[in-house]
Amino acid sequence: MKTPLGPANILFPVPAALIVSGSFDEPNIITISWIGITGSNPPSIGIHLDRSRYSLELIRKHKNFTVNIPSADLVEETDYCGLVSGKDRKKFEDTGLTPFKSTKIKAPMIKECPCNMECIVMKEVELNDSILIIGEVVETHIDRDKVDHKDKTKINISKVTPLAYCDATREYWTLGRRVGRVAASEKKIEARLKEEGNEQ
Ligand SMILES: Cc1cc2nc3c(=O)[nH]c(=O)nc-3n(C[C@H](O)[C@H](O)[C@H](O)COP(=O)(O)O)c2cc1C
């Protein structure tokens with residue numbers, strides 16, 4: 001049995017990412033959960049911004065932004081950046097987060113966030129209730145102590161402990177343990193089908 005919940009967006013978990021716009025001297029942070037990968041060649045990320053956001057004004061002006069992935073211990077700072085506007089408050093100062101110079105764009109990154117992406121605006125799409133900004137990821141960064149000890153280009157998720165957001169309950173969670181690897185299922189299922197005499 002299932003209970004219908006009506007038309008609603010209960011897609012979860014989604015990231016609670018911190019987007020920085022503006023310049024190194026006048027940066028602003030916004031918390032964004034309507035965010036996703038929009039392409040891999042070139043790598044791109046889409047973020048949905050309500051028309052009223054100060055961040056939208058800054059991104060339109062400077063045409064770049066950074067995406068910063070907070071770890072679970074930054075839950076308070078992440079929440080705060082989603083509650084107050086840069087029109088009224090300097091969120092770097094209020095939270096104690098540190099702006100960190102990007103290598104390819106003007107908008108800074110957040111030093112305390114373990115993963116960071118530098119993005120240049122590729123496209124702006126007008127939607128009913130928001131503006132979708134698509135940014136090309138021109139550089140990525142990861143804290144040195146958050147990579148795999150053998151492969152230094154591979155992110156160690158358990159060291160990053162990214163924040164996950166569930167809009168349906170308006171709660172922040174962390175990820176649990178790894179339960180599988182991509183493409184590991186094929187051989188197991190093939191073997192089972194063979195055993196059952198069900199091969200294709
Ligand atoms: C968990 C969380 C997720 C949010 N996701 C979005 C989002 O995807 N798009 C958006 O426009 N606002 C989102 N918000 C609201 C903005 O972060 C909030 O209005 C912020 O104060 C706007 O800042 P700004 O005016 O400095 O840009 C979210 C808030 C929270 C707490």
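Residues numbered from 1 in each chain as written. Predicted model: local features only at pLDDT ≥ 70, side-chain atom pairs only at ≥ 80, totals over all residues. Heavy atoms only, no water.

1. Some remarks on the site of the ligand
Argument step 1. Taken together, 21 residues lie around the ligand, and Arg-53, Ser-55, Val-84, Ser-85 and Gly-86 are the ones closest in.
Argument step 2. When isolated, the ligand has an accessible area of 650 Å², and the protein chains bury 88% of it.
Argument step 3. Where the shell around the ligand is concerned, the elements lending two or more residues are strand 3 (27–32), strand 5 (43–49) and helix 1 (54–62).
Argument step 4. If one sorts the elements of the shell around the ligand by residue count, strand 3 sits on top with four residues. (Near = heavy atom within 4 Å. Areas by Shrake-Rupley, 256 points an atom, 1.4 Å probe, with all protein chains shown as cover. Helix = DSSP H or I, 4+ residues; strand = E, 2+ residues; numbered from the N terminus.)

2. Focus: unusual backbone geometry
Argument step 1. With an omega of -5°, the peptide bond running from Phe-12 to Pro-13 counts as cis.
Argument step 2. The topology assignment puts Pro-13 in the segment before strand 1 (14–15).
Argument step 3. Of the consecutive residues Asn-41 and Pro-42, the connecting peptide bond is found in the cis state with omega at 5°.
Argument step 4. Within the fold, Pro-42 resides in the loop between strand 4 (35–40) and strand 5.
Argument step 5. Positive phi is not limited to glycine here, since Lys-63 has a value of about 65°.
Argument step 6. Structurally, Lys-63 can be placed in the loop between helix 1 and strand 6 (64–69).
Argument step 7. Positive phi values are uncommon outside glycine, yet Arg-170 reaches one of about 55°.
Argument step 8. When you line up the elements, Arg-170 lands in the loop between strand 11 (163–166) and strand 12 (171–174).
Argument step 9. For Arg-170, a relative accessible area of 65% corresponds to the exposed category. (Buried < 20%, exposed > 50% of the residue type's maximum accessible area, 1.4 Å probe, protein only.)

3. Some details on the packing of aromatic side chains
Argument step 1. Under the defined criterion, the tally for this structure stands at one aromatic pair.
Argument step 2. Judged by centre distance (5.5 Å) and plane angle (45°), the ring pair of Tyr-165 and Tyr-172 falls under tilted.
Argument step 3. On the basis of relative accessibility, which here comes to 10%, the residue Tyr-165 falls in the buried class.
Argument step 4. The class for Tyr-172 is partly exposed, based on a relative accessible area of 29%.
Argument step 5. For Lys-101, the ring lying beneath its charged end belongs to Phe-24, and the centroid distance is 4.8 Å. (Phe/Tyr/Trp six-rings, centres within 6.5 Å; stacked < 30°, edge-to-face > 60°. Lys NZ or Arg CZ within 6 Å of the ring centre and 35° of its normal.)

4. So, the sheet that holds strand 1
Argument step 1. Taken in spatial order, the three strands line up as 1-11-12 in an open sheet, and their pairing is antiparallel. In this open sheet, the two strands that pair with only one neighbour each are strand 1 and strand 12.
Argument step 2. Bridge analysis of strand 1 against strand 11 gives two bridges, and the strand direction is antiparallel. By the bridge assignment, Pro-15 is partnered in strand 11 with Ala-164. (Pairing = 2+ DSSP bridges.)

5. Comments concerning the pattern of salt bridges
Argument step 1. Scanning the entire structure with this criterion turns up eight salt bridges.
Argument step 2. Residue Glu-126 is joined to Arg-51 by a salt bridge in which the shortest nitrogen-to-oxygen separation is 3.0 Å. Highlighted residues: Glu-126 in strand 9 (residues 115–126) and Arg-51 in the loop between strand 5 and helix 1, separated in sequence by 75 residues.
Argument step 3. Among the residues examined, Arg-51 registers a relative accessible area of 43% and is labelled partly exposed.
Argument step 4. Residue Lys-104 is joined to Glu-139 by a salt bridge in which the shortest nitrogen-to-oxygen separation is 3.5 Å. (Salt bridge = Lys/Arg side-chain N within 4 Å of Asp/Glu carboxyl O.)

6. Quick notes on helix 1
Argument step 1. Ser-55, Leu-56, Leu-58 and Ile-59 are the residues of helix 1 that are buried. Around the axis of helix 1, the buried residues are gathered within 165° of arc, so they sit on the same side.
Argument step 2. Directly beyond the C-terminal end of helix 1, a positive phi value near 65° is found at Lys-63. (Arc of directions from axis to C-beta.)

7. What to know about the environment of Thr-78
Argument step 1. Looking at the secondary structure, you find Thr-78 in helix 2 (residues 75–81).
Argument step 2. Exposure remark for Thr-78: the relative accessible area of 0% places this residue in the buried category.
Argument step 3. Residues Thr-78 and Cys-115 lie 37 residues apart in sequence; the distance between their C-alpha atoms is 14 Å.
Argument step 4. In contact with Thr-78, other than residues within four places in its own chain, are Ala-16, Leu-18, Thr-31, Pro-70 and Leu-163. (Contact = heavy atoms within 4.5 Å.)

No statement about biological role is implied by the geometric values presented.
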